[in-house]
Each structure stands twice: as structure tokens, then as C-alpha cells.
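Report on the structure
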Amino acid sequence: SQKIEQNSEALNIQEGKTATLTCNYTNYSPAYLQWYRQDPGRGPVFLLLIRENEKEKRKERLKVTFDTTLKQSLFHITASQPADSATYLCALEKNSNSGYALNFGKGTSLLVTP
Amino acid sequence: DAGVIQSPRHEVTEMGQEVTLRCKPISGHNSLFWYRQTMMRGLELLIYFNNNVPIDDSGMPEDRFSAKMPNASFSTLKIQPSEPRDSAVYFCASSFERLYGYTFGSGTRLTVV
């Protein structure tokens, strides 16, 4: 069966450091991978999409890598701030018969302390 | 645009009652998705519409759940009869192009007692 695995343990880091979150997947052949941010009591918010041939993508302090051989994506937040504290979700398209319907990982909670 | 609008924000109902959740997608978005989120199972896709047509409803738990999209600006998710295990946050999301991801609503927190 298809699986998207993210570290269930919360990640606690100090302000100014780089946070690195991991997303591993099995039984997907994704052409795209997405990352979302979710704050308590709110819906997820789209952050980045990376294509299978891009390897790395950056947006401001965010950097995402995508390794289809390892079946893994890494999500980095550089110079982290307390406002970056949230849960971060990785998402992959379910299958080619479902358009771009996404399956989501359970997310990793990030806490940035001053 | 006001974003994806869901109503109600909170719903508390008794077991066996009918529940209807509503969603207004962003104007111009041609894809609409219903998700359910719990601590145990995370975000689960229930159903996906494209141009108002259901494309994938394999995530709908059972016959008690039904969803409709009568036009491009409105969708409903109905649970009849509701059960305590249906308690969750239900999200609606819309999209017009995969490269821009989904826009989610604020969700409906459903509690069935």
C-alpha cells in the first residue's frame, strides 16, 4: 500500500538554526511533491511544489530537495524564527487515475524557541 | 477573494442525526476536495470533484457518507446517520492548477455524541 512517512516526534530547535524535516514514501512514482504548513485550528497552507527532475527548490528561507532514488524529500527552514512553529505536511499525488488528488503525511510539528 | 468558505465552523450533533457540511470553493477553481482529519489517521481524502463531476470517491468511508457538487460554486458533504466515530475536522479544498497547490478552508469541527 502507499505510505507517506514523516517523523511523528516534534522537532524543537533554537531560533536562528536550520530546521530539517524528512518525508519518506513507498509505492509512489511521483512526478511532483508538495509541502504544506498547518497552524492549530486552521487548514493547511500550500508552501512549495517540487518536480521530480528539479532535485532542489528554494523560496525565501525555505529549501526542498527531492530524491526519487531514495524516495525522500527534505524540507529545510534556514534562520528559523518562532513564527515558523507549526506542523509541516508532505503530500503526493494519489495516482494517475485520480488527477492530482493528494495523499498527505501525518506531518511533523516544529517548535522554534527564542 | 474570501478564500474557500466552509460552514458551519463547529457542529455538535447526536448519534443518528443527519449532518450536512457546506463548502464554497474559490471562484475559477475547477477541482474540489473533501478531507477528514483526526489525530490518529491524519488527513484522509474522502472525495475529489473535477468540473463538478466526482472523479474519485474511494475514500468515502461507507454509504452513510455522500457528497454533491451541483454547481461550480457549492458542494455538500452529508453524513446520515452520524456516528461518534465520525467526529473529526472536515476540510474542503479547491485548486485550479497543480503547480499552485490546494487552498483549504478553515474546516468544520464535527462532534457526534
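Below is a summary of the structure that appears in this document. Note that the structure is a prediction, hence the values are computed from the model and not measured.

Procedures and definitions
- Residues numbered from 1 in each chain as written.
- Chains lettered and ligands numbered in written order.
- Predicted model: local features only at pLDDT ≥ 70, side-chain atom pairs only at ≥ 80, totals over all residues.
- Heavy atoms only, no water.
- Disulfide = S-S within 2.5 Å.
- Helix = DSSP H or I, 4+ residues; strand = E, 2+ residues; numbered from the N terminus.
- Buried < 20%, exposed > 50% of the residue type's maximum accessible area, 1.4 Å probe, protein only.
- Pairing = 2+ DSSP bridges.
- Contact = heavy atoms within 4.5 Å.
- Buried area = accessible area lost by both parts, 1.4 Å probe.
- Salt bridge = Lys/Arg side-chain N within 4 Å of Asp/Glu carboxyl O.
- Polar contact = N/O pair within 3.5 Å; in protein donor to acceptor, adjacent residues only side chain to side chain.
- Nonpolar A, V, L, I, M, F, W, Y, C, P; charged D, E, K, R; others polar.
- Core = buried A, V, L, I, M, F, W, Y, C linked by side-chain atoms within 4.5 Å.
- Axes fitted to C-alpha atoms, helices over the stretch in contact; angles between N-to-C directions.

A look at the state of the cysteines
Overall, the coordinates contain two disulfides over all chains when judged by the stated rule. Covalent S-S linkage joins Cys23 of chain A and Cys90 of chain A, the inter-sulfur distance amounting to 2.0 Å. Judged by the torsion about the S-S bond (-60 degrees), the Cys23 of chain A/Cys90 of chain A disulfide is left-handed. Taken together, the positions of Cys23 of chain A in strand E3 (residues 19–26) and Cys90 of chain A in strand E9 (residues 86–93) put the pair 67 residues apart, joining distant regions of the chain. Taken as a pair, Cys23 of chain A and Cys90 of chain A share a single burial class, namely buried. Each sulfur of the disulfide joining Cys23 of chain B and Cys92 of chain B lies 1.9 Å from the other.

Re the pairing of E3 of chain A
Residue and element names in this part refer to chain A. Burial along E3 is one-sided: the residues Ala19, Leu21, Cys23 and Tyr25 are buried and none of Thr20, Thr22, Asn24 and Thr26 is. Here E3 runs beside strand E8 (residues 72–77); their pairing, made up of six bridges, is antiparallel. Across the sheet, residue Leu21 finds its bridge partner in E8, namely Phe75.

A closer look at the interface of chain A and chain B
Counting residues at the interface gives 22 residues for chain A and 27 residues for chain B. A per-residue breakdown of the area chain A buries against chain B is headed by Tyr100, Phe104 and Lys106 of chain A, which together make up 31% of the total. At the boundary of chain A and chain B, one finds two salt bridges. A salt bridge links Glu93 of chain A to Arg98 of chain B; its shortest N-O distance comes to 2.6 Å. Viewed at the interface, chain B and chain A are joined by 11 residue pairs in polar contact (both at pLDDT 80 or more). Of all elements in the fold, only strand E4 (32–38), strand E5 (45–51), E9 and strand E10 (102–104) of chain A reach the threshold of two or more residues within the side of chain A that touches chain B. With four residues, the single largest contributor to the side of chain A that touches chain B is E4 of chain A. Here the residues of the side of chain A that touches chain B sort into 10 nonpolar, seven polar and five charged.

Thoughts on the nonpolar core
In this structure, Leu33, Trp35, Phe75, Ile77, Tyr88 and Leu110 of chain A are the most contacted members of the largest nonpolar core, which totals 23 residues. Those elements giving two or more residues to this core turn out to be E3, E4, E5, strand E7 (62–67), E8, E9 and strand E11 (108–113) of chain A. Trp34, Ile47, Ala88 and Tyr90 of chain B belong to the second-largest nonpolar core, a separate cluster that totals 21 residues.

What to know about the sheet that holds strand E8 (residues 74–79) of chain B
All names here are of chain B. Across the sheet, four strands lie side by side as E1-E3-E8-E7; this open sheet has antiparallel pairing. Two strands in the sheet have a free side with no partner beyond their single neighbour: strand E1 (5–7) and strand E7 (65–71). Each strand axis lies, on average, 15 degrees off the axis of its neighbour in the sheet, ignoring direction. For E1 and strand E3 (residues 19–24), the ladder comprises three bridges, and the chain directions are antiparallel. Along E3, the bridge assignment pairs Ile5 with Lys24.

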